[in-house]
Amino acid sequence: LFHLCINVLGIWLGGRYGVWLLAILASVFNLFVLFSLVRYLCGDSWRWRLLAYGVYFAGFALLLEGNVEGEWILPFVSVWLYFYVHAIKTGNPREFLWGSFFMGLVVGLAFNSRPIEAIWGGVGAVYYVVYWAKNKKGIALLWNVLIAIGGCLLPFLIFYPIAFAQGYLKDEIQALFVQSAHYFARSEVFRFFPSLAYRLLVLAVIGLYIFLDWLLKSGTQAKDPLRFLFLFSGLLSAL
C-alpha cells in the first residue's frame, strides 16, 4: 500500500500533476541529503558534486522517466546512510541508532511496496554487524537490532490493519510475497540473458573479496569503515 497511498495522495492534490509534484519533492529531499553527504565527505569541491548530480540525473531522472514505485523508498535509504556516515565520522552511537531505525523502516516499506528494495536495508544490517564485530561495541548490537525491528514493523502496523479492515489482507500478502517471487523467477532478464547467473556469481566473488579485504587486513585504508560501506553499496547497485 505504500506507493499506492502516495499515488492516491498525489491524485487528490491534483491528478497526475499532483503525483508529479510529490515525485519532485521526494527527489529534492533525496538530493539534499545525498549532496549534504558529498560535501561532508569531500568538502566544497565542485567536481564531486557535479559527478553526484550527473550520476543521479542520468540514472534516476532520465533512465526511469518518472516510472516510480519502489523508488519512493530512496529518501529513507539516503537518511539511514546519512546517519551511518555521521556515526562513523563522529563516533556518536546515537547516530547509529537513528540510522538503524531508518534502515529498518526501509525494509518495512519495501515489504509494503516492492520487496526487492529491502536489499538496501540489508546493506546496512550486514555493514553494522561487521562494524560492531571489529570495534567490540558490546551491547550496542542489541539496541540497534531492536530499533531496526521497530522501524521495520512500523509500516506493517499502519498498512496491515487498513488491508484487514477493507478485506484484502490475504490478497495483499499473496501479491507481495508469492507473486513478487514468481515475477522475479520468471523475469525476462533470466530468459533472454543466460549469462546473468554468471555475472551474479562474479559479483558475489568480488563482494566476498571486498568483505574479507576490509575484515582481515591491517592497513589503515583497508580498515576504513567508510570504504567498506561505499564499496559494498556500490556492488549491490551493480546488481
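Residues numbered from 1 in each chain as written. Predicted model: local features only at pLDDT ≥ 70, side-chain atom pairs only at ≥ 80, totals over all residues. Heavy atoms only, no water.

Caption draft 1: View of the packing of helix α4 (residues 93-110) against helix α5 (residues 119-135). Running from N to C, α4 and α5 point in directions that differ by 145°, and their axes come no closer than 8 Å. Along this stretch, α4 crosses α5, giving a crossing that reads as left-handed. Contacts between α4 and α5 involve F96, M103, V106 and V107 on the former and, on the latter, W120, G121, G124, A125, Y128 and Y131. Among the residues forming the contact of α4 with α5, the class breakdown is 8 nonpolar, 2 polar and no charged. (Axes fitted to C-alpha atoms, helices over the stretch in contact; angles between N-to-C directions. Helix = DSSP H or I, 4+ residues; strand = E, 2+ residues; numbered from the N terminus. Left-handed = near helix turned anticlockwise from the far one by under 90°. Contact = heavy atoms within 4.5 Å. Nonpolar A, V, L, I, M, F, W, Y, C, P; charged D, E, K, R; others polar.)

Caption draft 2: Representation of the side chain of E172 within the structure. Relative to the elements of secondary structure, E172 occurs in helix α7 (residues 169-185). Buried within the structure, E172 lacks any salt-bridge partner; its nearest side chain of opposite charge belongs to K170, at an N-O separation of 14 Å. (Buried < 20%, exposed > 50% of the residue type's maximum accessible area, 1.4 Å probe, protein only. Lys, Arg positive; Asp, Glu negative; His and termini not counted. Salt bridge = Lys/Arg side-chain N within 4 Å of Asp/Glu carboxyl O.)

Caption draft 3: Quick look at the confidence of the model for the protein chain. Averaged over all residues, the pLDDT of the protein chain is 77; the fraction at 70 or higher stands at 70%. The low-confidence segment residues 189-194, where pLDDT is below 50, has 6 contacts with residues more than four positions distant or belonging to other chains. (pLDDT = per-residue confidence, 0-100.)

Caption draft 4: Broad picture of the pattern of salt bridges. The final tally for this structure, using the stated rule, is 1 salt bridge. Between E117 and R114 there is a salt bridge; the shortest N-O distance is 2.3 Å. Using a relative accessible area of 13% as the deciding quantity, one classes E117 as buried.

Caption draft 5: Here's a closer look at α5. Spanning 17 residues, α5 covers 24 Å between terminal C-alpha atoms, matching the ideal 24 Å at 1.5 Å per step. Backbone geometry just after α5 places K136 at a positive phi near 50°. (Expected span 1.5 Å × (residues − 1).)

Caption draft 6: Up close: the environment of A23. Here A23 lies in helix α1 (residues 2-42). Residues A23 and I6, 17 residues apart in the sequence, show an inter-C-alpha distance of 9.4 Å.

Caption draft 7: Main features of a nonpolar patch on the surface. Together, I139, L142, W143, V145, L146, I149, L153 and L157 make up a nonpolar patch on the protein surface, roughly 790 Å² of accessible area in all. Along the chain, the position of L157 falls in helix α6 (residues 140-166). For L157, a relative accessible area of 63% translates into the label exposed. (Patch = residues over 30% accessible without salt bridge, like charges linked within 9 Å, V, L, I, M, F, W, Y side chains within 5 Å. Areas by Shrake-Rupley, 256 points an atom, 1.4 Å probe, with all protein chains shown as cover.)

Caption draft 8: Here's a closer look at the packing of aromatic side chains. With the rule as written, the count across this model stands at 15 aromatic pairs. Judged by centre distance (6.0 Å) and plane angle (10°), the ring pair of F83 and F102 falls under stacked. You can see F83 sitting in helix α3 (residues 74-90) and its partner F102 sitting in helix α4, a full 19 residues away along the chain. In this structure F83 comes out as buried when scored by relative accessible area, which is 17%. Looking at F102, the relative accessible area reads 17%, which means it is buried. Considering the side-chain rings of F156 and Y160, the 5.1 Å spacing of their centres and the 65° angle between planes classify their relative orientation as edge-to-face. Here Y160 and F156 lie together in helix α6, a separation of 4 residues that amounts to about one turn. Members of the aromatic cluster, connected to one another through ring pairs, are W80, Y84, F96, Y127, Y128 and Y131. (Phe/Tyr/Trp six-rings, centres within 6.5 Å; stacked < 30°, edge-to-face > 60°.)

Caption draft 9: Layout of the nonpolar core. The biggest cluster of nonpolar side chains holds 35 residues, and the ones touching the most others in it are F2, I73, W80, Y84 and F96. Those elements that provide at least two residues to this core are α1, α3, α4, α5 and α6. Counting residues per element, this core draws most heavily on α3, which supplies 9 residues. Ranked by size, the runner-up nonpolar core spans 5 residues in total, among them L31, F35, A52 and Y56. (Core = buried A, V, L, I, M, F, W, Y, C linked by side-chain atoms within 4.5 Å.)

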